[in-house]
Amino acid sequence: MTTHSMSTAQVRVGVRTFTDVERVFRHLEAEAAGPDQQTQFSRGALAGYLWALGRGGPAPITAQAGDEAPALEDLTAEVEAATVQMEDSTQRTVPRDYIHGVREALAWVCGLADQHP
């Protein structure tokens, strides 16, 4: 049995490369490092990136548990769940800006948006 290992440059997180998602996460993490710099939006975006990279535990909106990095369909479902919670305040379990950050980060990861937070 032959095992093929992929470099992190080849591994995909949604439609993006692991390397690109990691780079964007690190950049946002550095920007939000100061105590007065972090917002609910940046916290949400960071949580979305961490989860997409397979490091964040349960999904940030639905709390779906998983043992590995989520597949594209899981990422897309989380974007949809975030959109529902943003549109219907009775569905919200966390602040709207946090949900918006998660949605924007995961939408970029999924290729649904060209700009990343």
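I will try to describe carefully the structure that is included in this document. Predicted model, so just to flag it, every value in this text is computed and none were measured.

The next subject is the packing of helix H1 (residues 18-31) against helix H2 (residues 40-52). Where H1 meets H2, the closest approach of the two axes is 10 Å, and the angle between their N-to-C directions is 150 degrees. Of the possible angle classes, the one that applies to H1 and H2 is roughly antiparallel. Judged by the sense of rotation from one axis to the other, the crossing of H1 with H2 is left-handed. In this structure, H1 contributes Val21, Val24, Phe25, Leu28 and Glu29 to the contact, and H2 contributes Ser42, Ala45, Leu46, Tyr49 and Leu50. Classifying every residue of the contact of H1 with H2 gives eight nonpolar, one polar and one charged.

One pass over the full model with this rule turns up five salt bridges. When the shortest N-O distance is used, the salt bridge between Asp20 and Arg23 registers 3.6 Å. With Asp20 and Arg23 both in helix H1, this residue pair falls three residues apart, about one helical turn. By relative accessible area, Asp20 is classed as partly exposed at 29%. Across the pair Arg103 and Glu104 runs a salt bridge, and its minimum N-O distance is 3.3 Å.

On to helix H3 (residues 72-87), then. Here H3 is 16 residues long and its end C-alpha atoms lie 23 Å apart, about the 22 Å a rise of 1.5 Å per residue gives. Where H3 is concerned, the buried positions are Leu75, Glu78, Val79, Ala81, Ala82, Gln85 and Met86. Buried positions in H3, seen along its axis, are confined to an arc of 165 degrees and lie on one side of it. For H3, the exposed residues lying more than 90 degrees away from the buried face are Glu73, Glu80 and Glu87. On its buried face, H3 is in contact with strand E1 (12-13), H2 and helix H4 (96-109).

Below, the discussion takes up H4. An α-helical segment advances 3.6 residues per turn. Residues three or four places apart therefore align on the same side. Its 14 residues give H4 an end-to-end C-alpha distance of 20 Å, which sits within 8% of 20 Å, the value for a rise of 1.5 Å per residue. Among all positions in H4, only Tyr98, Ile99, Gly101, Val102, Ala105, Leu106, Ala107, Trp108 and Val109 are buried. Tucked into the core, H4 has its buried residues touching E1, strand E2 (16-17), H1, H2 and H3. Of the residues one or two after H4, Gly111 is the one with positive phi, at around 85 degrees.

All right, on to the packing of aromatic side chains then. Evaluation of the coordinates by the stated rule reveals one aromatic pair. Taken together, a centroid distance of 6.2 Å and an interplanar angle of 90 degrees make the contact between Tyr49 and Trp108 edge-to-face. On the criterion of sequence distance, the pair formed by Tyr49 in helix H2 and Trp108 in helix H4 is long-range, its members being 59 residues apart. Each member of the pair, Tyr49 as well as Trp108, carries the same accessibility label: buried.

Let's shift gears to the environment of Trp51. Residue position: Trp51 is located in helix H2. In the structure, Trp51 is positioned 37 residues away from Gly14 in sequence and 12 Å away in space, judged by C-alpha atoms. Leave out the neighbours within four places in its chain, and Trp51 touches Gly56, Gly57, Pro58, Ala59, Pro60, Pro70, Asp74, Leu75, Glu78 and Leu106.

Parameters and conventions
Residues numbered from 1 in each chain as written. Predicted model: local features only at pLDDT ≥ 70, side-chain atom pairs only at ≥ 80, totals over all residues. Heavy atoms only, no water. Axes fitted to C-alpha atoms, helices over the stretch in contact; angles between N-to-C directions. Helix = DSSP H or I, 4+ residues; strand = E, 2+ residues; numbered from the N terminus. Parallel < 35°, antiparallel > 145°, perpendicular 65-115°, else oblique. Left-handed = near helix turned anticlockwise from the far one by under 90°. Contact = heavy atoms within 4.5 Å. Nonpolar A, V, L, I, M, F, W, Y, C, P; charged D, E, K, R; others polar. Salt bridge = Lys/Arg side-chain N within 4 Å of Asp/Glu carboxyl O. Buried < 20%, exposed > 50% of the residue type's maximum accessible area, 1.4 Å probe, protein only. Expected span 1.5 Å × (residues − 1). Arc of directions from axis to C-beta. Phe/Tyr/Trp six-rings, centres within 6.5 Å; stacked < 30°, edge-to-face > 60°.

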